[in-house]
Amino acid sequence: MLCDNGSEIRKFHRAFALYEVLLGITIFALGVIALGHAVENCLNASTINTEEDVVRQILSNRMAEIQAAKGVPDDSKEFKFDSDYGAIKIVQKAAAAKLTEPDNTLLNGIYLVTLTAQWQRGGGPQSKQIRFYVYRPQT
């Protein structure tokens, strides 16, 4: 009888070892799946960051062009740029800033320029905007 009990215990331990292995493989598989999702999220974030860097560079270049140009900035203007991430539309709007001194003296020749970049990402509209002042003395 002891032999029979001993063999039953050994069978139980072997079956328990099989369940341990199956549980370990399941946990490992879930970990690999979670790691795969984390890597995918990192790649998506990197792509979005690179795309926004391109947009910021386009806005920065356009701002430098306006600041370096002579004369009053155009009231309204649109530009289109093709990038690796699709078409990017830049909308330029400029207007007199109407700034005043503390004694209510109007400051002439200062313009508020707004540049807005618009593009599509994943089927949804995206935009980024910068606003800055330029001074053009009255002649």
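Above: the structure in question.
Structural notes, computed from the coordinates. (Residues numbered from 1 in each chain as written. Predicted model: local features only at pLDDT ≥ 70, side-chain atom pairs only at ≥ 80, totals over all residues. Heavy atoms only, no water.)

## Observations regarding the overall build of the protein chain
Looking only at helices and strands, the protein chain features one helix and six strands. Starting at the N terminus and ending at the C terminus, the protein chain contains elements arranged as α-β-β-β-β-β-β. Relative to its full complement of 139 residues, the protein chain shows a buried share of 20%. Put simply, 48% of the contacts in the protein chain that link residues at least 6 apart link residues at least 24 apart. (Helix = DSSP H or I, 4+ residues; strand = E, 2+ residues; numbered from the N terminus. Buried < 20%, exposed > 50% of the residue type's maximum accessible area, 1.4 Å probe, protein only. Contact = heavy atoms within 4.5 Å.)

## Some thoughts on a nonpolar patch on the surface
A cluster of nonpolar residues, Leu18, Tyr19 and Leu22, forms a patch on the protein surface that exposes about 350 Å² of accessible area. Here Leu22 lies in helix H1 (residues 2-68). Overall, the relative accessible area of 45% leaves Leu22 in the partly exposed class. (Patch = residues over 30% accessible without salt bridge, like charges linked within 9 Å, V, L, I, M, F, W, Y side chains within 5 Å. Areas by Shrake-Rupley, 256 points an atom, 1.4 Å probe, with all protein chains shown as cover. Salt bridge = Lys/Arg side-chain N within 4 Å of Asp/Glu carboxyl O.)

## Section: the pairing of strand S2 (residues 86-96)
For strand S1 (residues 76-83) and S2, the ladder comprises eight bridges, and the chain directions are antiparallel. Counterpart to Glu78 in the pairing with S2 is Val91. Hairpin connection, S1 to S2: the antiparallel pair is bridged by two residues. Bridge count for S2 against strand S5 (residues 110-121) is eight bridges, and the pairing is antiparallel. Bridge pairing in S5 places Ala96 opposite Tyr111. (Pairing = 2+ DSSP bridges.)

## Brief notes about the sheet that holds strand S6 (residues 124-135)
The antiparallel open sheet is built from four strands, whose spatial order is S1-S2-S5-S6. Each edge of the open sheet is held by one strand with a lone partner, namely S1 and S6. Strand-to-strand twist across the sheet, computed as the mean angle between neighbouring axes with direction ignored, equals 20 degrees. (Axes fitted to C-alpha atoms, helices over the stretch in contact; angles between N-to-C directions.)

## Section: the side chain of Thr116
One can find Thr116 in strand S5. Separated by 3.0 Å, the side chains of Thr116 and Gln129 make a polar contact. Once residues within four sequence positions are removed from consideration, Thr116 is found in contact with Leu59, Lys89, Ile90, Val91, Lys128 and Gln129. (Polar contact = N/O pair within 3.5 Å; in protein donor to acceptor, adjacent residues only side chain to side chain.)

## Considering the nonpolar core
By size, the foremost hydrophobic cluster in this structure holds 14 residues, and its most contacted members are Ile88, Ile90, Val113, Leu115 and Ala117. When contributions to this core are tallied by element, the ones reaching two or more residues are H1, S2, S5 and S6. For this core, the element with the most residues is S5, which contributes five residues. Once residues lying within four places of it in the same chain are set aside, the contact partners of Leu115 are Leu59, Arg62, Met63, Ile66, Ile90, Val91, Gln92, Lys128, Gln129, Ile130 and Phe132. (Core = buried A, V, L, I, M, F, W, Y, C linked by side-chain atoms within 4.5 Å.)

## What about the environment of Ser127?
When you line up the elements, Ser127 lands in strand S6. When the C-alpha atoms of Ser127 and Ile90 are compared, they prove to be 9.6 Å apart, with 37 residues separating the residues in sequence. If near-sequence neighbours (up to four positions away) are discounted, Ser127 is found in contact with Ala117, Gln118 and Trp119.

## Quick look at unusual backbone geometry
The residue Lys98 is not glycine, and still its phi comes out positive at about 55 degrees. Counting through the fold element by element, Lys98 comes out in the loop between S2 and strand S3 (99-100). On the accessibility criterion, Lys98 (67% relative accessible area) is exposed. Despite not being glycine, Asn104 has its phi angle at roughly 70 degrees, a positive value. Turning to its location among the elements, Asn104 is positioned in the loop between S3 and strand S4 (106-107).

Remember that the coordinates give geometry; whether it matters functionally is a separate question.
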